[in-house]
Amino acid sequence: MPESIQKEDWERFRALGSVPPSIREVVLRSWVRSQEDKQLGARNFAPSVAQEELRTIRRRNARLRQAAQSVLERAGYMLNDSGAMLLLCDDRGVVMEATGDSRMLARGQENHLQPGGRWDERAIGTNAIGTALHMGKPITISGVEHFCEAIQRWSCAAAPVRCPASGEVLGAVDISGASGELSGPVSALSVTLALQIEEVMRSNGLREHQRLMASFLSGRSHWGGDEILLLDGHGQPVWSSTAFDRAAEEATGGVGDVTRLIAPGEGDARAMAEQMRVLLPEAGVDIVGPPGEAQGVVVTLKRSTHRRGTPLSSGRAVTLSDIAATGPQMAEICDKAGRFVERGMPLLIEGAPGTGKETLAQALHAAGAQARRPFMIVDCSLLEPDMLRADQAAGTGFMQLAETGGTLCLDEPGQTPAGVQALLAQALAALARERPAVQVMSLSAATLSECLRSGELRGDLHFRLSAAKLALPALSERRADIPGLLRQLSESCARARQDKALRFTPKAIMRLQAHPWPGNIRELRNLVETLSAISLNRLIDVPDLPPEITAPTGEKRDDTLRQRERSAILDALADAGGNITKAARQLGISRSTLYLKLDQYGLPRGRRN
């Protein structure tokens, strides 16, 4: 570690401000910063924090220390009797851990180059730890390059450690030894150790996110709200629904990315939850994780009563052609829906939650004559009388369609409050008389005819909404479409993340086709977005799928045997590339028996030969 200057150069700078001609630029800039504190140069050792504060610092940096533990143990063993010691510091330069040559560790105590010592530039002037943290780059400071004379007995090489997710500097790794005695490429070693710690943090983070997503998906039904944000305990976003930022912007009055406003939780999910409750008082904030373990935080926001349709996460809206391309069943539905809309008929789209009702409505709007006019969704459960009375509603988004034309999409009309239904029917009648015309679509998870029979829905409102009716099938009823949907959703995520699209092995596709999909396409989309966020090699096999898809669902012996038989059939079909004849031969049964088994388990039929 050669020094760029001599002792006389340092003395002339301190006494006269004379700049040594051979000094490195990075050292000179640090000297100038250090010179601002007139008393700094006389210090013989770095200041230390109290033991209680050191414990707090260690606790706050638990993630960094945990990732560095194995790296420090290996490197510390290598540095024993080498004349060097290894230090791990936080982002303020406070030494949290020290290992290496016992002689150097004892010598470092004289200058507080030990746990608790604070080595930022403001505390002890130019030094490798403080200057590396200030610049955010690796650096070597040797001998008289240190600003304080008492520290010139050391030569040090430090490199910052960054958060793999955000790039934020979390701390630094430093290798220190006696000035003039430290040999070898220690600068490269400090950088290597920092990178190793970052890689361990990245791997730990992926495992944490996988566990967090598993906990989140297993309890998804417990969290209401239309838009969802999932954070880990450090405040890093793990997953969010496509329009969460838009909903957060409405809730905060302008701030979409709320993660920029929260302080890092350092693994304390409960503290993170409290911050989110302050930032978003109208949001639902819940802890995610098994009992007694806080892994992360889920934030849910209700969308406003009037809202625009949202695009795919890639920023490109789903087209009618995209939906029709997923399979013949959806192609027929899209053809019928397009003809209904072309004639201006009020269209009712029924289907279980997650079957893609809103996506189809947006695609129909974009493909029809109303494409250049507004598309507006109204949450019928939030409608109030004042929003529909002609003398008071002129300024509302609902009635603005009467002036511009466009598409009015009524979400869950069966949940319209009883006192508002008559006014809604009158408003729809008024819109039907307007020019330009307003296309009315309704989206309902419940069957409106049953709502009519039960008295929950007025007859005049029902008949105004359902001139034409379509029923979207559940995903379990269109299992053959799953490979195409996986391809579409994977390509969408890839565009959004500027990454490669996921690929699925035949066995993984078979497992996904066998899953009941209670959440329909929405559940499939969530799964693809999750896998896209955490997959490294972009190839998804059965072990990469969440346990609720791969694990047996029953505990009874009969259920277990059925599960094993179904798994064997799936594996045989996957190995045979979907060829029924080959799969039956592999299973040792006839082709007709295999067909019966496929129908029994609700599995898609493959190719005959």
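Residues numbered from 1 in each chain as written. Predicted model: local features only at pLDDT ≥ 70, side-chain atom pairs only at ≥ 80, totals over all residues. Heavy atoms only, no water.

### So, the pattern of salt bridges
One pass over the structure, following the stated rule, counts 19 salt bridges. Note that E52 and R55 form a salt bridge whose closest N and O atoms lie 2.7 Å from each other. Of this pair, E52 and R55 both sit in helix α3 (residues 51-60), three residues apart, which is roughly one turn of that helix. E52 gets classed as partly exposed once you look at its relative accessible area, which sits at 46%. (Salt bridge = Lys/Arg side-chain N within 4 Å of Asp/Glu carboxyl O. Helix = DSSP H or I, 4+ residues; strand = E, 2+ residues; numbered from the N terminus. Buried < 20%, exposed > 50% of the residue type's maximum accessible area, 1.4 Å probe, protein only.)

### Describing helix α24 (residues 591-601)
The set of residues buried in α24 consists of L594, Y595, L598 and Y601. Looking straight down α24, one finds its buried side chains confined to an arc of 140°; they lie on one side. (Arc of directions from axis to C-beta.)

### Focus: the sheet that holds strand β1 (residues 84-90)
What the five strands build is an open sheet, ordered β2-β1-β5-β4-β3; its pairing is antiparallel. Unpaired on one side and paired on the other, β2 (95-100) and β3 (139-142) mark the two borders of the sheet. Taking the axes of each pair of neighbouring strands and ignoring which way they run, one obtains an average angle of 20° across the sheet. Here α3 sits on the sheet and contacts β1 and β2; the angle it forms with β2, its principal contact strand, is near 85°. (Pairing = 2+ DSSP bridges. Axes fitted to C-alpha atoms, helices over the stretch in contact; angles between N-to-C directions. Contact = heavy atoms within 4.5 Å.)

### Some thoughts on the side chain of H515
Looking at where H515 falls in the secondary structure, it is placed in the loop between α19 (506-514) and α20 (520-534). In this structure H515 comes out as buried when scored by relative accessible area, which is 7%. A polar atom in the side chain of H515 sits 3.1 Å from the side chain of E523. Filtering out sequence-adjacent residues up to four positions away, H515 remains in contact with R479, E523, E548 and I549. (Polar contact = N/O pair within 3.5 Å; in protein donor to acceptor, adjacent residues only side chain to side chain.)

### Comments concerning the sheet that holds strand β7 (residues 237-240)
Taken together, four strands build an open sheet; the order of strands is β7-β6-β9-β8 and the sheet is antiparallel. One side of each edge strand has no neighbouring strand; the edge strands of this open sheet are β7 and β8 (284-288). The sheet shows a mean angle of 20° between the axes of neighbouring strands, direction not considered. By the bridge criterion, three bridges tie strand β6 (residues 227-232) to β7 in an arrangement that is antiparallel. When the bridges of β7 are listed, L230 appears paired with W239. Across the sheet, helix α10 (residues 269-279) is in contact with β6, β8 and β9 (296-301); its angle to β8 comes to roughly 175°.

### Considerations on the environment of L448
Considering the arrangement of structural elements, one finds L448 in helix α16 (residues 448-454). On the accessibility criterion, L448 (0% relative accessible area) is buried. C-alpha separation for the pair L448 and E350, spaced 98 residues apart in sequence, amounts to 8.3 Å. Discounting chain neighbours no more than four positions away, the residues touching L448 are L348, E350, P413, G414, L457, H462 and L465.

### Structural notes on the nonpolar core
Counting 32 residues, the largest nonpolar core has W31, L87, W119, I129 and W154 as its most contacted members. Elements with a contribution of two residues or more to this core: α1 (7-16), α2 (25-35), β1, α7 (128-135), β3, β4 (154-162) and β5 (169-178). The leading source of residues in this core is α7, at four residues. Counting 28 residues, the second largest nonpolar core, distinct from the first, contains A67, V71, M96 and L193. (Core = buried A, V, L, I, M, F, W, Y, C linked by side-chain atoms within 4.5 Å.)

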